Amino acid sequence: MEKVIVTLRSATAGDDWAEQIRGPVSEQLLDLGLPGLTVNVRDGAVRDSLMTLTTLDPPVQGFVSLWTQQYYGEQVSAALDLLGRHAEQLSGYLVTESAPLPPPLTPPGERAPALANIALLRRPADLDEPTWLTRWHRNHTQVAIDTQSTFGYVQNYVVRPITADAPVVHAIVEELFPNEAVSSLHAFFGAADDDDLRSRMEQMVASTAAFGANVNIDAVPTSRYVFRSPFADAPA
C-alpha cells in the first residue's frame, strides 16, 4: 500500500469550492475504488486561523490523501486528472507515513472535530538528510506532542514528486488541534496561562529551528474529512 498526497492551489477558492471538493469530487474519487481517501479543505470554519503561513503563490487551499496499490497506476492517474480540473495548480507527492499520534477515526464523510493544520516543510540546503531526519523524527516529535494540544499527528516524508513542476517539499505534516485553536494560541499550545504559553512557544521554536522548520514553510488550516480509511479494520 502506498500513500500519495495531492496539493490543490488556487487564488480564488472559497467555501463553494471546498464544498465541491468534499462533496461531488470526493464521491467521484471513491468510485475509483481507492483503498483510502482523506480530504482536507481550507473553509470558513478554519480560514482565519492564527497559525496560517504561506510561501506558495497561489496558496494551497486543499489536500487529498490517496492510498493505493500503485502510485503510478490507473487509479492515481484518474484521480490526478479529476482533481486537476478543480485547481489552478496541482502537485502530487509519494510519501511514507509515520503516525506518532494516529488521528481518531470519524464516521465516513463527517468533519473531524478539529483544526487540521497541515505544514509543508523544506530541508535546509546546508543540512544533510540523515541529520535532518534525526532532528525532525527522533528529537522533535516528542517536543511537538508535549508543547501543543495535538491529538492527531502524522509525519509524511516525501519520497518524490509524481507530477511535473511540483514545488520542492520534503515533508508534509498533519496535526489535529481542538477547534478553539483556530482563534486562540492558548488553545493551540494547550497553555494554562501566558507564562506557560511563552514557555511552550520557546521550546517549539528552538526545536523546529534545529531542522529548519521555523522558516520557509507553509502552514495551511483545514477541515478534515475521512471518506475511506485503509486502517479501519486494523486491530486496535
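This text gives an overview of the structure that appears in the document. These numbers come from a predicted model, not from an experiment.

**As for the environment of Thr 38**
Then step 1. Within the secondary structure layout, Thr 38 lies in strand 2 (residues 36-41).
Then step 2. In this structure, the C-alpha to C-alpha distance between Thr 38 and Phe 227, residues 189 residues apart in sequence, is 5.7 Å.
Then step 3. Setting aside its immediate chain neighbours within four residues, Thr 38 contacts Phe 63, Val 64, Ser 65, Trp 67, Arg 224, Tyr 225 and Val 226.

**With respect to the environment of Arg 160**
Then step 1. For Arg 160, the location among the structural elements is in strand 6 (residues 152-161).
Then step 2. Owing to a relative accessible area of 38%, Arg 160 belongs among the partly exposed residues under this scheme.
Then step 3. Sequence separation of Arg 160 and Asp 57 is 103 residues, and the distance between their C-alpha atoms is 21 Å.
Then step 4. Look past the residues within four positions of Arg 160 in its chain and what remains in contact with it is Tyr 71, Tyr 93 and Leu 94.

**Things to note about the environment of Arg 138**
Then step 1. With respect to the helices and strands, Arg 138 occurs in helix 3 (residues 129-147).
Then step 2. For Arg 138, a relative accessible area of 72% puts it in the exposed group.
Then step 3. Separated by 67 residues in sequence, Arg 138 and Tyr 71 place their C-alpha atoms 28 Å apart.

**Observations regarding the nonpolar core**
Then step 1. Ranked by size, the top nonpolar core spans 26 residues in total, and within it Val 6, Leu 8, Leu 29, Leu 37, Val 64, Leu 66 and Leu 83 carry the most contacts.
Then step 2. Where this core is concerned, the elements lending two or more residues are strand 1 (2-9), helix 1 (15-30), strand 2, strand 3 (60-68), helix 2 (74-84), strand 4 (89-101) and strand 8 (218-228).
Then step 3. Top element by residues in this core is helix 1. It accounts for six residues.
Then step 4. With residues near it in sequence (within four places) discarded, Leu 37 still touches Ser 26, Leu 29, Leu 30, Val 64, Ser 65, Leu 66, Trp 67, Tyr 225, Val 226, Phe 227 and Arg 228.

**Observations concerning the sheet that holds strand 3**
Then step 1. Around the barrel, which closes on itself, the eight strands sit in the order 1-3-2-8-5-7-6-4 with antiparallel pairing between neighbours. Strand-to-strand, the axes of this sheet are offset by a mean angle of 30°, without reference to chain direction.
Then step 2. Here strand 4 runs beside strand 6; their pairing, made up of seven bridges, is antiparallel. Within the sheet, the bridge partner assigned to Glu 97 lies in strand 6 and is Asn 156.
Then step 3. Running at roughly 170° to strand 2, helix 1 makes contact with strand 1, strand 2, strand 3 and strand 8 of the sheet.
Then step 4. The strands touched by helix 3 are strand 4, strand 5 (115-121), strand 6 and strand 7 (171-177); relative to strand 6, the strand with the most contacts, the crossing angle is about 165°.

Conventions we followed
- Residues numbered from 1 in each chain as written.
- Predicted model: local features only at pLDDT ≥ 70, side-chain atom pairs only at ≥ 80, totals over all residues.
- Heavy atoms only, no water.
- Helix = DSSP H or I, 4+ residues; strand = E, 2+ residues; numbered from the N terminus.
- Contact = heavy atoms within 4.5 Å.
- Buried < 20%, exposed > 50% of the residue type's maximum accessible area, 1.4 Å probe, protein only.
- Core = buried A, V, L, I, M, F, W, Y, C linked by side-chain atoms within 4.5 Å.
- Pairing = 2+ DSSP bridges.
- Axes fitted to C-alpha atoms, helices over the stretch in contact; angles between N-to-C directions.

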